[in-house]
Amino acid sequence: MRELIDKAGLADILDKVEARERLSVEDGLALYQSPELLAVGYIANRVREQKNGDHAYFIYNQHINYSNICTNLCKFCAFGKDASSPLAYEMSIDDIRRKVEERLDEPITEIHMVGGIHPELPFDYYLDALRTIKEVRPSVHIQAFTCVEIAHLAYLAGRSLADTLRELMAAGLGSIPGGGAEVFSPRIRAKTCEKKLSGEGWLEVAKTAHRLGLKSNATMLYGHIETLEERIEHLDMLRRAQDETGGFMTFIPLAFHPKNTEMAHLAKGSGVEDLKNIAVARCFLDNFPHIKAYWVMLGIKLAQVALSFGADDIDGTVKEEIITHMAGGESEQAQSRQQLVRLIREAGRVPIERDTLYRVVTSYQEEGARP
Ligand code: V47
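Residues numbered from 1 in each chain as written. Predicted model: local features only at pLDDT ≥ 70, side-chain atom pairs only at ≥ 80, totals over all residues. Heavy atoms only, no water.

Undergrad: So what's going on with the pattern of salt bridges? Residues and values would help.
TA: Applying the stated rule across the entire model yields 31 salt bridges. Among the ionic pairs, Glu106 bridges to Arg103, the shortest N-O distance being 2.9 Å. The same class applies to Glu106 and to Arg103, which are both buried. Linking Asp313 and Arg354 is a salt bridge whose minimum nitrogen-to-oxygen distance equals 2.9 Å. On the criterion of sequence distance, the pair formed by Asp313 in strand S9 (residues 313-316) and Arg354 in strand S10 (residues 350-354) is long-range, its members being 41 residues apart. According to the relative accessible area criterion, Asp313 is buried, its value standing at 0%. A single network of salt bridges, built from pairs that share partners, joins Glu18, Arg46, Arg48 and Glu49. (Salt bridge = Lys/Arg side-chain N within 4 Å of Asp/Glu carboxyl O. Buried < 20%, exposed > 50% of the residue type's maximum accessible area, 1.4 Å probe, protein only. Helix = DSSP H or I, 4+ residues; strand = E, 2+ residues; numbered from the N terminus.)

This is the structure:
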């Protein structure tokens, strides 16, 4: 491998990684620009080993998308709909209650709940949704509302971000998912999601949450019109924010799915691109504990391979995912615990079922341990 890395001109980067030194923006770009996928993947795999040993995580979770009505209508999104669209929907609090009740017999530890930027739902709806979920399933961890939604909720509540977050926490909010980050570059936001909260605004919400003790995730939506420089700039902004607060748990690169979007003329990305984004993120984000290969967007087979390219997490059982599937995602709707354990084992890792905060629920360390 050293020979391949020398040939690829990446020896200095590997040396830095072995010495646990931080990579520069130029190093990050060199990794993105390298055609030697295996060399980049090898370096990322070393970082993964340093940070997570042989463990690969998954979670038993449920997704609830309470409404797709959205005033932002981003060009890359097939999920968000204008209120007048025949495809628009909105769950009542009773609908949410039923969704949780329907699966009470399953050992779900996390409910992941996000939606569009709804023009009319009042702040109380969001508080009621959280309280209802907790009432039906008191022990569940609610990971809900992207930073974009939280900025909107603060506007609705007429309160500061910190006060809004405090109120959401009191109603049951446990952590914040990583969506809505897209690409922070103002150029990309102007061309793809001009109405959306700015990159700086997104980071301000995340950092405010971290200061209140809430953990959160971060994403990057890649594979549309962004340049490699804009990707690295995005990662660099995340790395700086993490230096300040330490509140991010996981970074999730999200592969753009063009179908049914206003950017449907763009080609769907490749497997090489997907693995490269996982690997570069693992190398560059030295202060992020985890990198997730979100199987719903990557497809389960590539997510499994990504466990050898820097990822240490493949998300969870999911069931009923809408955002990716509306945009042409062809992966299954759900994975069973058995399937996830088998896939992780086959990849040579120890499957660990985790809770949202990466505490171990069950370790399948032993060869014969069965889910
Ligand atoms: O915010 C929208 C992205 C995100 C498309 O935090 C698209 O653990 C691809 O953030 N093609 C929502 N992506 C999903 C998300 C997420 C998923 C799983 C786990 C976590 C976590 C977070 O999906 C949106 C947007 O960035 N998105 N449209 C599309 N056509």
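Moving on, there is more to tell.
Undergrad: Tell me what's going on with helix H11 (residues 228-245), and back it up with residues and numbers.
TA: Over its 18 residues, H11 extends 26 Å from the first C-alpha to the last, a length consistent with the 26 Å expected when each residue adds 1.5 Å. Among all positions in H11, only Glu230, Arg231, Ile232, His234, Leu235, Asp236, Leu238, Arg239, Ala241 and Gln242 are buried. As for H11, its buried residues are in contact with helix H3 (25-33), helix H9 (186-192), helix H10 (199-211), strand S6 (215-222), strand S7 (248-255) and helix H12 (271-284). Gly246 lies just past H11 and shows a positive phi near 65 degrees. (Expected span 1.5 Å × (residues − 1). Contact = heavy atoms within 4.5 Å.)

Undergrad: Break down the sheet that holds strand S11 (residues 360-363) for me, with residues and values.
TA: If you trace the four strands from one edge of the open sheet to the other, you get S9-S1-S10-S11, paired in mixed fashion. Of all the strands in the sheet, the pair left with one neighbour each is S9 and S11. Across this sheet, the average inter-strand angle for adjacent strands is 25 degrees, counted without regard to direction. Alignment of strand S1 (residues 55-59) against S10, held across four bridges, turns out to be parallel. From the neighbouring strand, Phe58 faces S10, where its bridge partner is Glu353. On the sheet, helix H16 (residues 337-346) packs against S1, S9 and S10 and is oriented at approximately 165 degrees with respect to S1. (Pairing = 2+ DSSP bridges. Axes fitted to C-alpha atoms, helices over the stretch in contact; angles between N-to-C directions.)

Undergrad: An account of the packing of helix H8 (residues 161-171) against H10 is requested, with residue identities and associated values reported.
TA: Two quantities define a packed helix pair, namely the angle between the helix axes and the distance between the axes. Remark: H8 packs on H10, axes separated minimally by 10 Å, with the N-to-C direction vectors making an angle of 55 degrees. Taken together, the axes of H8 and H10 are oblique relative to one another. Taken as a pair, H8 and H10 cross one another with a handedness that is right-handed. Residues Leu161, Ala162 and Leu165 of H8 lie in contact with H10, whose contacting residues are Glu204, Val205, Thr208 and Ala209. Grouping the amino acids of the contact of H8 with H10 by side-chain chemistry returns five nonpolar, one polar and one charged. (Parallel < 35°, antiparallel > 145°, perpendicular 65-115°, else oblique. Left-handed = near helix turned anticlockwise from the far one by under 90°. Nonpolar A, V, L, I, M, F, W, Y, C, P; charged D, E, K, R; others polar.)

Undergrad: Give me the site of the ligand: which residues, what numbers.
TA: The local shell around the ligand holds 23 residues, among which Phe76, Gly178, Gly180, Glu182 and Lys292 are the closest. Between the ligand and Gly178, the relevant distance is 2.7 Å, taken from an oxygen atom to a main-chain nitrogen or oxygen of the residue. Here His257 contributes a backbone N or O atom positioned 2.8 Å from a nitrogen atom of the ligand. Coverage of the ligand by the protein amounts to 95% of the 620 Å² it exposes when considered alone. (Near = heavy atom within 4 Å. Polar contact = N/O pair within 3.5 Å; in protein donor to acceptor, adjacent residues only side chain to side chain. Areas by Shrake-Rupley, 256 points an atom, 1.4 Å probe, with all protein chains shown as cover.)

Undergrad: Account for the packing of aromatic side chains, with residues named and values stated.
TA: Aromatic rings considered in pairs are described by the distance between their centres and by the relative angle of their planes. Counted by the stated rule, this structure contains 11 aromatic pairs. With a centroid separation of 5.7 Å and 90 degrees between ring planes, the pair formed by Tyr66 and Tyr126 is classed as edge-to-face. Of this pair, Tyr66 sits in the loop between strand S2 (61-64) and helix H5 (93-102) while Tyr126 is found in helix H6 (residues 123-136), placing the two residues 60 residues apart along the sequence. Tyr126 carries the same exposure label as Tyr66, and that label is buried. Over the aromatic face of Phe284 sits the side chain of Arg239, whose NZ or CZ is 3.8 Å from the ring centroid. Over the aromatic face of Tyr358 sits the side chain of Arg354, whose NZ or CZ is 4.1 Å from the ring centroid. (Phe/Tyr/Trp six-rings, centres within 6.5 Å; stacked < 30°, edge-to-face > 60°. Lys NZ or Arg CZ within 6 Å of the ring centre and 35° of its normal.)

These results come straight from atomic positions and should not be treated as a statement about function.
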